[in-house]
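Coordinates in review
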Amino acid sequence: MLRITRHDSFRWYDQFDMKKWFGESSSGWFSRDQIRFMTTSKRVQDRSKFKRIHDLEIVTEKWKILSKVLFLMELLKKEPEMIIPVRQLDQYRRQINLPKPHKISDFIRKSPKLFDLYKDRRGVLWCGMTKQAEDLIEEEGKLIDEHEDKAAEHVTRFLMMSIDKRLRLDKIAHFRREFGLPIDFRTNWVHKYPQLFKVVKNGDEIEYLELVDWNPTWAITELEKKVLGITESSSHTPGELSLPFPLKFPPNVKKIYRHSGRVEHFQKRSYLSPYADARGLKAGSLEFDKRAVAVMHELLSFTLEKRLVTDHLTHFRRELVMPQKLMRLLLKYFSIFYVSERGKRFSVFLTEAYERSELIEKCPLVMWRDKVQSLVGYRGKKKRIETFSDMSDMEDESLADSESCLEVEEDETEGDLVEGLCMDDDGEMVIEEVCRAYKDAKTL
């Protein structure tokens, strides 16, 4: 079979002599749409323009900046005096996604309401937080304490959805910020609820978080609560459900598709509850796929901003009994989920939770993040700050020889902080893989 690849941006197949290559009957063999379908592209955007939601792309772009600021604030928080040499921050470039030649000091200067820069007597440039930022850190600590019981419920329900009722602790750590968990999640927090879960180790000394006691009142999905109005039931047994998912189509999707029989059949199809035992489901079946949609819907409902990094979801395919081609499923049901292609790692949103670029229901921790976001110099032009105008080039070679810069000793708390923000390179979704997923979804 001939594989036609587009190397140039113009439609070269308009000049393609089909009869010369395939004979007189070629016009009935290859259509213009078929030729376009066989073309390849390294850009996901080329495959998803008609599904794109500009408002949610803005949310992703803002989060990319805010996540760097939050990481820096957490890093400073763990320092004894909440200050750190700027040169020492260079080792965290990967975590804050700030490659060279960009200067860390330039990034810090863009948020003068949150961070201070100053020199000591030896000429070493230091970074600290403003009084306003310190007050915000204190406020966040109180909010996390208030939220921890709800977070414990979500972690427990996460374990209840897993096939073995236990999950690797380092995998859950990737959801730390999305679930509103503290920095010391792995070292201290997991031991605060022994009646719900416990830390165990396998033969390879890998730590797992294991469910201690099944709570039937928590085996009710968020969708059941909304549609059926069920809140608590001590005798509830998870089983087969037949509930329609809230749909919110991208603005460019034609109305005829929104009311097609395929959507209607999907909504009426029964499926197994995410909390029921799914070992007997046949992979690839319609029931299997709809249950996977229900699992992702439930998991996204647990998060503060109803958004997760797709890489983090793929790590739980076996534990949650989900398909290997998870991205394909997310793209297929684009009226329930939205996949943003910004950056190396893609994010998936629960579309029903957003009205344009605003989260409809905001918990106190999300409102706190909004407050921090308002103080960030988001995508702003580099401003000349008079107070630090004589420090425009502090990260030069002269600082590298300074003996006053401290070496970092990574402790367990810092490990939690780093794991909550990044993963190993082999965990990243490859752009070409997602392109293939878009192509597969398009044929369904």
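Residues numbered from 1 in each chain as written. Predicted model: local features only at pLDDT ≥ 70, side-chain atom pairs only at ≥ 80, totals over all residues. Heavy atoms only, no water.

Over its 17 residues, helix H13 (residues 286-302) extends 25 Å from the first C-alpha to the last, a length consistent with the 24 Å expected when each residue adds 1.5 Å. Buried residues dominate H13, accounting for 15 of its 17 residues. (Helix = DSSP H or I, 4+ residues; strand = E, 2+ residues; numbered from the N terminus. Expected span 1.5 Å × (residues − 1). Buried < 20%, exposed > 50% of the residue type's maximum accessible area, 1.4 Å probe, protein only.)

Helices that pack against each other are described as a pair by the angle of their axes relative to one another and the distance between those axes. Two elements in contact, helix H7 (residues 131-161) and H13, have axes separated by 10 Å at closest approach and are oriented at 165°. On the basis of their axis angle, the class for H7 and H13 is roughly antiparallel. Of the two elements, H7 crosses H13, and the hand of that crossing is left-handed. Residues His154, Arg157, Phe158 and Met161 of H7 touch H13, and the partners they reach there are Arg291, Glu298, Leu299 and Phe302. Classifying every residue of the contact of H7 with H13 by side-chain character gives four nonpolar, one polar and three charged. (Axes fitted to C-alpha atoms, helices over the stretch in contact; angles between N-to-C directions. Parallel < 35°, antiparallel > 145°, perpendicular 65-115°, else oblique. Left-handed = near helix turned anticlockwise from the far one by under 90°. Contact = heavy atoms within 4.5 Å. Nonpolar A, V, L, I, M, F, W, Y, C, P; charged D, E, K, R; others polar.)

Take unusual backbone geometry next. Looking along the chain, the bond that leaves Lys100 and enters Pro101 is cis, with omega of 10°. The phi angle at Met82 is positive, at roughly 55°, despite the residue not being glycine. Among the secondary structure elements, Met82 is positioned in the loop between helix H4 (54-77) and strand S1 (83-85).

What follows concerns the nonpolar core. In terms of nonpolar packing, the biggest core is built from 56 residues, with Phe158, Trp189, Leu299 and Phe337 touching the most fellow members. Among the elements of the structure, H7, helix H8 (169-172), strand S6 (207-211), H13, helix H15 (326-332), strand S10 (337-340) and strand S11 (347-350) are those that each provide at least two residues to this core. Looking at which element gives the most residues to this core, the answer is H13, with eight residues. When near neighbours in sequence (up to four residues on either side) are disregarded, Leu299 contacts Phe158, Met161, Phe175, Phe179, Leu308, Leu313 and Leu320. (Core = buried A, V, L, I, M, F, W, Y, C linked by side-chain atoms within 4.5 Å.)

Another point: helix H12 (residues 261-268). Within H12, the full set of buried residues consists of Val263, Phe266 and Gln267. All buried residues of H12 fall inside an arc of 95° around its axis, so they share one side. Among the exposed residues of H12, those oriented more than 90 degrees off its buried face are Arg262, His265 and Lys268. (Arc of directions from axis to C-beta.)

Strands sit in the order S1-S3-S2 across an open sheet of three strands; the sheet is antiparallel. Lying at the two open borders of the sheet, with one neighbouring strand each, are S1 and strand S2 (115-119). Averaged over all neighbouring strand pairs, the angle between strand axes comes to 25°, with direction disregarded. The sheet contact formed by S1 and strand S3 (residues 125-129) spans three bridges and is antiparallel. (Pairing = 2+ DSSP bridges.)

Turning next to the pairing of S2. Relative to S3, S2 is paired through five bridges, and the arrangement is antiparallel. The partner of Tyr118 across the bridge, within S3, is Trp126. What sits between S2 and S3 in their antiparallel hairpin is a turn of five residues, with Gly123 showing a positive phi close to 85°.

This brings us to the packing of H4 against helix H16 (residues 364-374). Across the interface, H4 lies against H16 with an axial gap of 10 Å and an inter-helix angle of 95°. It follows from the interaxial angle that H4 and H16 lie roughly perpendicular. Contact residues: H4 offers Lys62, Trp63, Leu66, Val69, Leu70 and Met73, while H16 offers Trp368, Arg369, Val372 and Gln373. For the contact of H4 with H16, the per-class residue count stands at seven nonpolar, one polar and two charged.

Moving on, we come to the sheet that holds strand S4 (residues 166-168). As summarised here, the arrangement of the three strands in space is S4-S6-S5, forming an open sheet in which the pairing is antiparallel. Edge strands, defined here as strands with exactly one partner in the open sheet, are S4 and strand S5 (197-201). Averaged over all neighbouring strand pairs, the angle between strand axes comes to 30°, with direction disregarded. Of the strand pairs in this sheet, S4 and S6 are connected by three bridges, and their pairing is antiparallel.

Take the confidence of the model for the protein next. Residue-level pLDDT values for the protein average 77, and 71% of them are 70 or greater. For the stretch residues 378-415, pLDDT sits under 50, and the model shows 58 contacts to residues farther than four places along the chain or on other chains. Taken together, the stretch residues 417-435 has pLDDT below 50 and engages in 51 contacts with residues farther than four places along the chain or on a different chain. (pLDDT = per-residue confidence, 0-100.)

Scanning all chains against the criterion turns up 30 salt bridges. For Lys192, the salt bridge goes to Glu148, with nearest N and O atoms at 2.9 Å. Residue Lys192 is found in the loop between helix H9 (176-179) and S5, and its partner Glu148 is found in helix H7; the two are separated by 44 residues along the sequence. A relative accessible area of 14% places Glu148 in the buried class. The partner of Asp277 in a salt bridge is Arg279, with the nearest N and O atoms 3.4 Å apart. Residue classification places Asp277 among the exposed residues on the basis of a relative accessible area of 54%. Because the salt bridges share partners, they merge into one network encompassing Lys150, Glu153, Arg157, Glu222, Lys225 and Glu298. (Salt bridge = Lys/Arg side-chain N within 4 Å of Asp/Glu carboxyl O.)

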